[in-house]
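Residue-level listing of the chains:
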Amino acid sequence: MSRPHEQHRPSFPFGNPFKKIFPKGSYLSPRLLGLLNTFEDALAERFRKLKPRDREDVLSLSWMTFAMELLCQTHSDIITIITELELPVCDWDDKWIDLYLDNSVKLLDICIAFSSELSRFNQGHLLLQCALHNLNACPSKQLVRACSSLDGWRQHIGSKNPKLQNCFAILNSLTETLDLPKIKNSAKGKVLMRAMYGVKVLTVFVCSTFAAAFSSSANKLVDLHVLETCLWAEAFEDVQAYVNEEIRNIFSSGRATVVKELEAVHLSVKTLYPMIQGVDPIEAEALQTSISKLGKRAERLSQGLDLLTKQVDGFFQIVLTGRDSLLSNLRVGSIVPDPTNNVQGHGVS
């Protein structure tokens, strides 16, 4: 399907704005309209909350953790929507099922890649801990080992994770299928597809920013043009413009890494390294201050990585549970082959 094109925002001083959303002649009961309104209002509020008050918060681990938390909540809301619609899986159109299964396996692949990168960062933390142990134990005798550990950390963090390379292709694929499918003779189906559209927009936005941060590349940031008749469209466009602009500014500044806590550690290592090499004469107090600062920043990084890892694991489980539930319901009446089931393993490694 083609990518949604930007439209002029229509004005609706009176009347039902959903006439623009759904084809002429479609009828949505007040209950269905209320259900969709509630979902889209909640999504709009999440987009508003996702816009940081301070630009310095963009791509901080705390902001990324919050973004993943909102993504988990929204995917959980889809389960509620399906329940409230009372639309049995056996009544789903085949194309809805194919789309859901295809998208879900792609999201599982993205989660595995993100989890792999977070695990790699945590492995780098062990090198920092080794360096700090040597420096705090007896700086004058352990400088060589400390230098070696800091060298190892810089090389480790600067290396590329091959598991991330596939993320951009997956995100491009998700973006290309954003268009709402044409639904005939199913008011409940229209509501479901409209809600899933909102979920996919949030998913592509959040995962795009994560992929850009982890790969240190802004070239693949996604700038989505969404249906402006969605109740959350304005809030989304605002946060997308704000966050993407700041990410591009960060990359253009030439920073070594764009994740804020990781960059803070990098700066501490950059300051400390020449000190312990003995390039310039330094005071013991200045050296100890630098060691202490690195220790605090390393601890802040470790704590942030742990929290974000838990949220990514939680998102993986939500997607996996929804996928398994759909397949189980489909198999109640018949055995349905799952051609997209190519995820290796049953958890995030």
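On to the pattern of salt bridges, then. In the structure shown here, the tally under the stated rule is eleven salt bridges. Asp77 is the salt-bridge partner of Arg46, the closest N and O atoms lying 2.8 Å from each other. Of this pair, Arg46 sits in helix α2 (residues 30-50) while Asp77 sits in helix α3 (residues 61-85), placing them 31 residues apart in sequence. In this structure Arg46 comes out as buried when scored by relative accessible area, which is 13%.

Bringing the nonpolar core into the picture now. Counting 115 residues, the largest nonpolar core has Phe114 and Trp232 as its most contacted members. Of the residues forming this core, the biggest block, 18 residues, is contributed by helix α7 (residues 187-215). Residues contacting Trp232, with those up to four places away along its chain left out, are Glu40, Leu43, Ala44, Phe47, Tyr197, Gly198, Val201 and Val226.

Moving on to the packing of α3 against helix α10 (residues 284-330). Their axes nearest at 9 Å, the elements α3 and α10 cross at an angle of 15°. Regarding the angle of α3 to α10, the classification is roughly parallel. In the packing of α3 onto α10, the handedness of the crossing is left-handed. Two secondary-structure elements touch here, α3 through Leu61, Met64, Thr65, Met68, Glu69, Leu71, Cys72, His75 and Ser76 and α10 through Leu301, Gly304, Leu305, Leu307, Leu308, Gln311, Val312, Gly314, Phe315, Ile318 and Val319. Class assignment of the residues belonging to the contact of α3 with α10 gives a composition of 13 nonpolar, six polar and one charged.

A few words now on the packing of aromatic side chains. Summed over the entire model, instances satisfying the criterion amount to nine aromatic pairs. Ring geometry for Phe205 against Phe236: centres 5.8 Å apart, planes inclined by 85°, an arrangement best described as edge-to-face. Of this pair, Phe205 sits in helix α7 while Phe236 sits in helix α8 (residues 233-252), and the two are 31 residues apart along the sequence. Like Phe205, the residue Phe236 is buried in the burial classification. One aromatic cluster in this structure is built from Phe47, Tyr197, Phe205, Trp232 and Phe236. The ring of Tyr242 carries Arg55 above its face, with NZ or CZ at 4.2 Å from the centroid. Over the ring of Tyr273 we find Arg154, and its NZ or CZ is 4.3 Å from the ring centre.

Glancing now at the environment of Ile82. Tracing the sequence through the fold places Ile82 in helix α3. Overall, the relative accessible area of 23% leaves Ile82 in the partly exposed class. Remark: the alpha-carbon pair of Ile82 and Leu192, spanning 110 residues in sequence, is separated by 7.1 Å. Among all residues touching Ile82, those that are not within four sequence positions of it are Leu87, Trp92 and Leu192.

The residue Lys260 is located in helix α9 (residues 260-277) in this model. A relative accessible area of 13% means that Lys260 is categorised as buried. Residues contacting Lys260, with those up to four places away along its chain left out, are Arg55, Glu56, Asp57, Val58, Leu59, Ser60, Ile250 and Arg255.

Conventions we followed
- Residues numbered from 1 in each chain as written.
- Predicted model: local features only at pLDDT ≥ 70, side-chain atom pairs only at ≥ 80, totals over all residues.
- Heavy atoms only, no water.
- Salt bridge = Lys/Arg side-chain N within 4 Å of Asp/Glu carboxyl O.
- Helix = DSSP H or I, 4+ residues; strand = E, 2+ residues; numbered from the N terminus.
- Buried < 20%, exposed > 50% of the residue type's maximum accessible area, 1.4 Å probe, protein only.
- Core = buried A, V, L, I, M, F, W, Y, C linked by side-chain atoms within 4.5 Å.
- Contact = heavy atoms within 4.5 Å.
- Axes fitted to C-alpha atoms, helices over the stretch in contact; angles between N-to-C directions.
- Parallel < 35°, antiparallel > 145°, perpendicular 65-115°, else oblique.
- Left-handed = near helix turned anticlockwise from the far one by under 90°.
- Nonpolar A, V, L, I, M, F, W, Y, C, P; charged D, E, K, R; others polar.
- Phe/Tyr/Trp six-rings, centres within 6.5 Å; stacked < 30°, edge-to-face > 60°.
- Lys NZ or Arg CZ within 6 Å of the ring centre and 35° of its normal.

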